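# Tertiary structure, described
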Amino acid sequence: MGKFMLLLPLLGAFTLVFFQAQARICMTCNMFMNGRCGEGEGRCTMEEGGACLTMDIYLFRGRDGFLYNHTVLECSKPCQASTESYFHLKISRFCCQSQDFCNRYKGKIANKYAN
Ligand SMILES: *[C@@H]1O[C@H](CO)[C@@H](O)[C@H](O)[C@H]1NC(C)=O
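Quantities reported herein were computed from a predicted structural model and do not represent experimental measurements. (Residues numbered from 1 in each chain as written. Predicted model: local features only at pLDDT ≥ 70, side-chain atom pairs only at ≥ 80, totals over all residues. Heavy atoms only, no water.)

## Some details on the overall build of the chain
Counted only if it meets this: Helical segments are the DSSP runs of H or I of at least four residues, strand segments are the runs of E of at least two, and each set is numbered from the N terminus. With a 1.4 Å probe rolled over the protein chains alone, any residue whose accessible area is under 20% of its type maximum counts as buried; one over 50% counts as exposed, and the rest are partly exposed. Residues are treated as being in contact if the distance between any of their heavy atoms lies within 4.5 Å. Accessible areas in this description were obtained via Shrake-Rupley with a 1.4 Å probe; residue shielding takes into account the shown protein chains only.
Helix and strand counts for the chain stand at two helices and seven strands. N-terminal to C-terminal, the α/β element order of the chain is α-β-β-β-β-β-β-β-α. For the chain, the proportion of its 115 residues judged to be buried stands at 27%. Considering only contacts in the chain between residues 6 or more positions apart, those separated by 24 or more positions represent 55%. In the structure as shown, the chain presents an accessible area of about 8100 Å², 57% of it carried by carbon and sulfur atoms.

In structure tokens, the structure reads:
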């Protein structure tokens, strides 16, 4: 009985550490451009089964086709990589879970620094 009383809080502490390790922080931004957030900067906690999302927004510019405009960062559950085109808008989605704030190194932003 005495041993259990000692073990129980210990177990609770382990569970807490485990779940804290699982929870990632993502960057949020409504308007990410030129390596920094111009509007709506913040952070969100990734939900279980979710991920940090990077959304590159392209606008249709006539003859030039789709040109990159800005990037949106947020948390998403579920998170699915995709590229969708609407009439004047193209959205590319990238998901990541590898590290805190990983979504600020994805998509168009990452390409820019990779080259
Ligand atoms: C495109 O980017 C500009 C800032 O450079 C922003 O003000 C504008 O809202 C963006 N356009 C769209 C459709 O999101």
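Having seen the structure, we can now continue with the description.
## So, the packing of aromatic side chains
Heads up, the condition is: The aromatic pairing rule takes the rings of Phe, Tyr and Trp, using the six-membered ring of Trp, and pairs them if the centres are within 6.5 Å, calling planes under 30 degrees apart stacked, those over 60 edge-to-face and the rest tilted. The criterion for a charge sitting over a ring is simple: Lys NZ or Arg CZ within 6 Å of the ring centre, and within 35 degrees of the ring normal.
Summed over all chains, the structure comprises two aromatic pairs. Seen from their ring centres, tyrosine 58 and tyrosine 68 are 5.7 Å apart, and the 70 degrees between their planes marks the pair as edge-to-face. Of this pair, tyrosine 58 sits in strand 4 (residues 51–60) while tyrosine 68 sits in strand 5 (residues 66–76), and the two are 10 residues apart along the sequence. Cation over ring: lysine 90 sits above tyrosine 58, and NZ or CZ is 4.7 Å from the ring centre.

## Examining the state of the cysteines
Rule in force here: Criterion for a disulfide: a pair of cysteine sulfur atoms within 2.5 Å.
Taken as a whole and assessed by the stated rule, the structure comprises five disulfides. Note that cysteine 26 is cross-linked by a disulfide to cysteine 52, the S-S spacing being 2.1 Å. Of note, the bridge from cysteine 26 to cysteine 52 carries an S-S torsion of about -80 degrees and is left-handed in sense. Here the residue cysteine 26 occupies a position in strand 1 (residues 25–33), and cysteine 52 occupies one in strand 4, the gap between them amounting to 26 residues. With relative accessibility at 0%, the residue cysteine 26 sits in the buried group. At a sulfur-sulfur separation of 2.1 Å, the disulfide partner of cysteine 79 is cysteine 95. On the sign convention where negative is left-handed, the bridge of cysteine 79 and cysteine 95, at about -90 degrees about the S-S bond, is left-handed.

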